[in-house]
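Chain residues, written in single-letter form:
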Amino acid sequence: MPLVKVNGIAVEVPPGTNMIEAAKKVGVEIPHYCYHPHLSVAGNCRMCLVDVEAGGRGPDIACNMAATEGLAIRTDTPKVTQMRKSVMEFLLVNHPLDCPICDQSGECRLQDYYMEYGQHDSRLADAKMGKGKRQDIGDQIVLDAERCVQCSRCVRFSDEVTGTGELRLFNRSNQTQIGIFPGVRLSHQYQGNLADICPVGALTLKDFRFKKRVWWLKESESVCGGCATGCNILVHHQENEVYRFTPRRNDEVNKSWICDQGRLSYKDVTSLKRLTGAKVDGQRAELPEAANAAALLLKGAKVGVVFGAKATTEANWAAVKLVRARLPNARAYVIEGNDPDAFTYQDEILVDSDKTPNRFGAALTASQLGSVGDAEALKAALASGEVDALLVLHDDVVGRLGVATPKALVYVGTFKNATSSAAAVVLPAAHYIEQPGTWINRQGRVQRLRKTVAPAGDSVADYAAVDAIGRAFGGAVIPEMPAAIFQELAAGVKALNGLTLKGLGHGGQLITLFAPSPGVDQPGQAAPAK
Amino acid sequence: MDVYPRILSRIWGVPGSHTLAVAEQHGAYNAARKALAMSPAEVTDVVLKSGLRGRGGAGFPTGRKWTFVPPPEKRGGKPVYLLCNADESEPGTFKDRFCMWNDPHQLIEGMIIASHALGVRRAYIYLRGEFEYVQRRLDEALAEAYAKGYLGENIFGSGFSFDLYTHLGAGAYICGEETALISSIEGYKGQPRLKPPFPAVKGVWESPTIVNNVETLAAVPWIIENGWEAYKAIGTEQSPGTKLFSCSGHIMKPGVYEIPLGTPMMDLLNKWCGGLRPGRTLKAIIPGGSSVPVMTPAEVAQANMDYESINKVAGSYLGSGGFIVMDDTTDMVDALTNLLRFYAHESCGQCTPCREGSAWMYNILCRLRDGLATEDDLVALRDLADNIHSRTICFFGASAAMPVQSFVTKFRDEFVARVESARAGLPAGLAVAK
């Protein structure tokens, strides 16, 4: 691997690594607008100009400079400082400076870099170029061409990621203007990313416009639960209210992207479909009361436990523990398929046809109980009376099976659905961004959820809801702390052996998948990484 | 005037010089026959040794450029393309048009020879959008050459097959930049691309590509026919051969002249161009097309028309040979404003400094010209030029910056006088009495 130097600090990087990334490795930030790690190099903003000490001719742009042995650049020379300042002056000359009404304000590279590298007084004595403002170019996006710095990130995104190619930089010279082809409208599922990658306020998300000043928002890490892909996200929230989801970079899962469906799913957190209180026979109840009712229903019954592909692995583990401790004769089921209200869109970019975030987690834990039944097995068992009581985690079993379920049905879930309506006892589970836990995505990557805001109403973490039933039976089935639950889980499930919650890090850990098919606890084929 | 062979303009002025019949009477395609009997390496070697340099402006040795094409085993099965750059758009430059208009077969022959040397099967002549009438003449010449079997399959029975096409651009100055030309011919917006990769490795349709200027390719047949020694004997050691100069401005005989490189600049002005208008004195000369730094009379007196001398004497460039003469009637502020109008309009709009800076400089110059600018504007003008130069993807930024840098340095008094008259409240153009 070539050894390069950034400001005199040596670093080894893979051949071909560009110098922005190489500098990042030694903690040197090279400012840039047009460069994006997941798009082709355009080299037009000229903000990343650096001095070349050895191994090339300079000044040159770091984004298009491939690491070769002996290459040495400097970003701390007066020349570089001057170059950055002059690029800032050029970029701002036709910028409307409407920061007070711009949603990008606070996360805008023009603002950030002006404070860091510009700090010049305007020398412009001529009129600024006027360009088209607030153009409605898509379902999710509003375009303000005046704010644009012509970095072409959005053009490259629409050419290279979605392949739809709606956007272009039209005209030339200082008349250059970002725009959409006549008669075309953005209609793909990845529009929100355009607002994310736009380094300035030219492309803004309709949903977020004029809603919140970003500097009030706190960002917490989580994972999107919309499908089996498990895109990494940041939850932006203030005072327990969620304002938006944005993608969190994970090169192995979602790169820097997320679909619009997932992005806008933050609205589910405050959805009227949320289950915010426990219910017994349709009547509001306190959680312990409902847990007692659940215990009474399940005690001595012929119980079927439906493990949840939308529940955390911890909740499924709690169910395993509950069965082992209190319901030794219970049968385990994992019902394939999606809930009837799941969105149907899917593509080759990110969106999986499987709309459950933790199918592997459910299968892995369920298989700890021996044989695991599927939908047909459950239908047959219900029909024959071999199962006369159900404990269901998250999945809309009634909706999926389309058959009548026993009256003795305990449902632990976040949203109202056919199963919650049919259930005798409902225990409200927190939304996945309101609780800690882990999911295992379609690649077999164990990813970590965190509690980003407080659970709505009386809802509690899904594993805590299961544990409440255990307590009603006479004692907790799992530890209280998430790390301790995961420790037990990792020790108990062979595929997870050796993992720790902390060790999952920000990007998750890929496991060798044990076949998720019911009842088999032996090494299987790892799912193909998509 | 010394006696020297006319290489490029050999048959210009002969009635019907653009037709194959007349051209052949003057020896057209003899060099191609000779070259096709040689090995490609031998042809390249002759061009390399002749010291021929690119006539588009940069003056890069042509033979060396040809050697940059990767060997067949490193091309990944891709063909090699030859593109002739006929997007002659530099203000003050019009020699390629004369070449193609008066002797199209010379260019075609040059391209056959170059393609043989480079292993090219298909080549294109990329013309600027305004050269539609030149394209028609070229197409007629191509048809004649095809009819005689000088193009197409198995040329002169040598086994070498070669097709040549013309392609008309949409009329953008930037398409004369080789990577922008490549983008344009591929059907994209004519905008320069990042280097590396260089066109010789990855050019048009991601294949190895050589882009040569019209005049460069037109010189090749003579070199093959007469040998590299004969070519090298003309001109100077580092700038061999002859070059076409497009002479315009305040001279008695504007036109295109072919002279040996190294000819004193004053000789070009007085002997070929017929000198200045009677009673006028020289104020400035732009020696190589509008983008190169302007020269003062003192510099002109010392300089020769070759790549090295102009650079050494005046820090300017021979460029494309657009020789623009300005006498004492020229208002340098006006002249520069006019130049910048062109650059502000033609910037492709990709890189920040050039996109924003060229128009900004033009705006400042307009105010300066109109008596509305201050000292601060003059400082800003010079700063902006410095901040554009060499900080862009292609050379356009420098092309827009160099006239500004040289005009405001070498003719500073005129710019300062404009600011002073503005401060004194005088109408535009009136100077403060000293």
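Placed above this text is the structure.
Reading the values: the criteria
- Residues numbered from 1 in each chain as written.
- Chains lettered and ligands numbered in written order.
- Predicted model: local features only at pLDDT ≥ 70, side-chain atom pairs only at ≥ 80, totals over all residues.
- Helix = DSSP H or I, 4+ residues; strand = E, 2+ residues; numbered from the N terminus.
- Rg over C-alpha atoms; globule rule 2.2 N^0.38 Å.
- Buried ≥ 20, exposed ≤ 12 C-beta atoms within 10 Å, placed from the backbone.
- Contact = placed C-beta atoms within 7 Å.
- Axes fitted to C-alpha atoms, helices over the stretch in contact; angles between N-to-C directions.
- Parallel < 35°, antiparallel > 145°, perpendicular 65-115°, else oblique.
- Left-handed = near helix turned anticlockwise from the far one by under 90°.
- Nonpolar A, V, L, I, M, F, W, Y, C, P; charged D, E, K, R; others polar.
- Pairing = 2+ DSSP bridges.
- Arc of directions from axis to C-beta.

Asks: Any chance you could break down the overall build of chain B for me, citing the residues and the numbers?
Replies: Counting its regular elements, chain B contains 18 helices and eleven strands. Rg of the C-alpha trace for chain B: 22 Å, near the compact-globule value of 22 Å for 434 residues, within the 12% margin. By principal-axis analysis of the C-alpha atoms, chain B measures approximately 80 × 45 × 35 Å. For chain B, the residues scored as buried account for 58% of the 434 residues in total. Long-range pairs, those at least 24 residues apart, make up 70% of the contacts in chain B between residues at least 6 apart in sequence.

Asks: Kindly report on the packing of helix α6 (residues 104–118) of chain B against helix α7 (residues 132–147) of chain B, identifying the contributing residues and their values.
Replies: Residues and elements named next belong to chain B. The interhelical angle for the contact between α6 and α7, taken along N-to-C directions, is 60 degrees, at an axis separation of 9 Å. Here α7 runs oblique to α6, going by the angle between their axes. The handedness of the crossing between α6 and α7 is right-handed. In this structure, α6 uses Pro-104, His-105 and Ile-108 to contact α7, whose residues at the interface are Arg-137, Leu-138, Ala-141, Leu-142 and Ala-145. Here the residues of the contact of α6 with α7 are counted per class, giving six nonpolar, one polar and one charged.

Asks: Before we move on, can you summarise the interface of chain A and chain B with the specific residues and values?
Replies: The interface of chain A with chain B comprises 24 residues on the first partner and 25 residues on the second. Per element, the largest residue contribution to the side of chain A that touches chain B is six residues, and it comes from helix α2 (residues 78–93) of chain A. Residue composition of the side of chain A that touches chain B, grouped by class: ten nonpolar, ten polar and four charged.

Asks: Please set out the sheet that holds strand β7 (residues 141–143) of chain A residue by residue, giving values where relevant.
Replies: Read across the sheet, three strands follow the order β6-β7-β10 (chain A) without closing on themselves; strand pairing throughout is antiparallel. Both edges of this open sheet fall to β6 (135–136) and β10 (203–205) of chain A, since each of them pairs with a single strand only.

Asks: Let's hear about the pairing of strand β1 (residues 3–6) of chain A: which residues, and what values?
Replies: Residues and elements named next belong to chain A. Of the two faces of β1, only the one carrying Val-4 and Val-6 is buried; Leu-3 and Lys-5 on the other face are not. In this structure, β1 lies alongside strand β2 (residues 9–12), joined through four bridges in antiparallel fashion. Looking at the pairing, Val-6 lines up with Ile-9 of β2. The turn joining β1 and β2, which pair antiparallel and follow one another in sequence, is formed by two residues; a positive phi near 50 degrees is taken by Asn-7.

Asks: Describe helix α4 (residues 153–160) of chain A, with residues and values.
Replies: Residues and elements named next belong to chain A. Burial in α4 covers these residues: Arg-153, Cys-154, Phe-157 and Ser-158. For α4, the angular spread of buried residues about the axis comes to 130 degrees, placing them on one side. Buried residues along α4 sit against β8 (167–170), β9 (177–180), α5 (192–197) and β10.

Asks: Please give an account of the sheet that holds strand β4 (residues 60–61) of chain A that cites residues and values.
Replies: Residue and element names in this part refer to chain A. Taken in spatial order, the five strands line up as β2-β1-β5-β3-β4 in an open sheet, and their pairing is mixed. This sheet does not close on itself; its edge strands, each paired only once, are β2 and β4. In terms of strand pairing, strand β3 (residues 49–54) meets β4 through two bridges, oriented antiparallel. Along β4, the bridge assignment pairs Leu-49 with Ile-61. Contacts from α2 reach β3 and β5 (72–74), with the element oriented near 160 degrees to β3.

Asks: Summarise the packing of helix α8 (residues 313–326) of chain A against helix α9 (residues 359–366) of chain A; cite the residues concerned and give the values.
Replies: Residue and element names in this part refer to chain A. At a minimum axis distance of 9 Å, the contact between α8 and α9 shows a crossing angle of 20 degrees. In terms of orientation, α8 and α9 fall into the roughly parallel class. For the crossing formed where α8 meets α9, the hand is right-handed. Where α8 abuts α9, its residues Thr-313, Asn-316, Trp-317 and Val-320 lie against Gly-361, Ala-362, Thr-365 and Ala-366. Of the residues that constitute the contact of α8 with α9, the class distribution is four nonpolar, four polar and no charged.

Asks: Quick rundown of unusual backbone geometry? Include the residues and the values.
Replies: Residue and element names in this part refer to chain B. Cis geometry is adopted by the peptide bond preceding Pro-196, which originates at Lys-195 and carries an omega value of -10 degrees. Along the chain, the position of Pro-196 falls in the loop between α8 (178–185) and β5 (209–213). Cis geometry marks the peptide bond from Pro-196 to Pro-197, where omega comes out at 5 degrees. Note on placement: Pro-197 falls in the loop between α8 and β5.

Coordinates in, geometry out; function isn't part of it.
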